[in-house]
Amino acid sequence: MAADDEHFREFVDTRYMDLLRVAYHLTGSAQDAEDLVQAALVKVMRRWRRVEDPMAYLRRVMINQHISSWRRYRVHELVTAILPERSTRDMTDAVAERHALYAAMRALTPRTRAVIVLRYVVDLPEAEVAATLSCSVGSVKSRASRGLARLRLALAADAPPSTSASASASAHSAPDGTTRMTGATP
């Protein structure tokens, strides 16, 4: 029993940050990620002797736990008489891009988000993602494809308009009242 406890402690010491990174990508919040990892570790600690591949098992437990909590708390709406204060926008491009990405990730379904996280953040092969999520490789491929397409659309909608040379045409009013385009090639 003491050897199992020591092996579990060593595993947590060496792999905690990897687990936290996966949980953060699943939840989009540092506090929720820590809670998710702790809940998963408590569940796995009870079965530690029977676990063959601890990282894969813990990832699966975290995904299941996150999907269950998402179902419980799907609607987060608080009706108040006072409008909340608007937060100030951070002007750092990297922070804004990361925020847009996490917002787009939160818009995905939990299973699609899990596929994206396991496939592109954890960098698992499609077969291992399919085994982790108990689905077919084709399902992983289709969820990844649709999820990436939705992320691209969401991020393109947040991007500032292009200022390329072809888009620099502008409309000018002529003295006779007609509108003419300048800067564009016919």
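Residues numbered from 1 in each chain as written. Predicted model: local features only at pLDDT ≥ 70, side-chain atom pairs only at ≥ 80, totals over all residues. Heavy atoms only, no water.

Asker: Give a detailed account of the overall build of the protein chain, specifying residues and quantitative values.
Answerer: Secondary structure assignment for the protein chain yields seven helices and two strands. Each helix (α) and strand (β) of the protein chain, taken in turn from the N terminus, gives the series α-α-α-α-α-α-α-β-β. Here the protein chain, with 186 residues, has 30% of them falling under the buried criterion. A sequence separation of at least 24 residues applies to 55% of the contacts in the protein chain between residues at least 6 apart. Carbon and sulfur atoms provide 54% of the accessible area of the protein chain, an area that totals close to 13000 Å². (Helix = DSSP H or I, 4+ residues; strand = E, 2+ residues; numbered from the N terminus. Buried < 20%, exposed > 50% of the residue type's maximum accessible area, 1.4 Å probe, protein only. Contact = heavy atoms within 4.5 Å. Areas by Shrake-Rupley, 256 points an atom, 1.4 Å probe, with all protein chains shown as cover.)

Asker: Go over helix α6 (residues 126–133) with me, naming the residues and quoting the values.
Answerer: Every buried residue of α6 is accounted for by V129, A130, T132 and L133. Seen end-on, α6 carries its buried residues on one side only, within an arc spanning 165°. The outward face of α6, more than 90 degrees from its buried face, is lined by the exposed residues A127 and A131. Backbone geometry just after α6 places S134 at a positive phi near 55°. (Arc of directions from axis to C-beta.)

Asker: A description of unusual backbone geometry should follow, citing residues and the corresponding values.
Answerer: Positive phi is not limited to glycine here, since D123 has a value of about 65°. In this fold, D123 is placed in the loop between α5 (110–121) and α6. Even without glycine at this site, S134 takes up a positive phi of about 55°. Its place among the elements puts S134 in the loop between α6 and α7 (137–158).

Asker: Residues and numbers for the nonpolar core, please.
Answerer: The nonpolar side chains of a soluble globular protein tend to be buried, and buried together. Counting 38 residues, the largest nonpolar core has L19, L26 and M62 as its most contacted members. Only α1 (2–27), α2 (30–46), α3 (54–72), α4 (93–107), α5, α6 and α7 provide two or more residues apiece to this core. If one sorts the elements of this core by residue count, α1 sits on top with eight residues. (Core = buried A, V, L, I, M, F, W, Y, C linked by side-chain atoms within 4.5 Å.)

Asker: Before we move on, can you summarise the packing of α5 against α6 with the specific residues and values?
Answerer: Interaxial distance between α5 and α6 falls to 10 Å at its minimum, and their mutual angle equals 140°. Viewed along their axes, α5 and α6 adopt a mutual orientation that is oblique. Like other packed secondary-structure pairs, α5 and α6 cross with a definite hand, here right-handed. Taken together, the residues of α6 that come into contact with α5 (itself represented by R111, A114, V115, L118 and R119) are E126, V129, T132 and L133. (Axes fitted to C-alpha atoms, helices over the stretch in contact; angles between N-to-C directions. Parallel < 35°, antiparallel > 145°, perpendicular 65-115°, else oblique. Left-handed = near helix turned anticlockwise from the far one by under 90°.)

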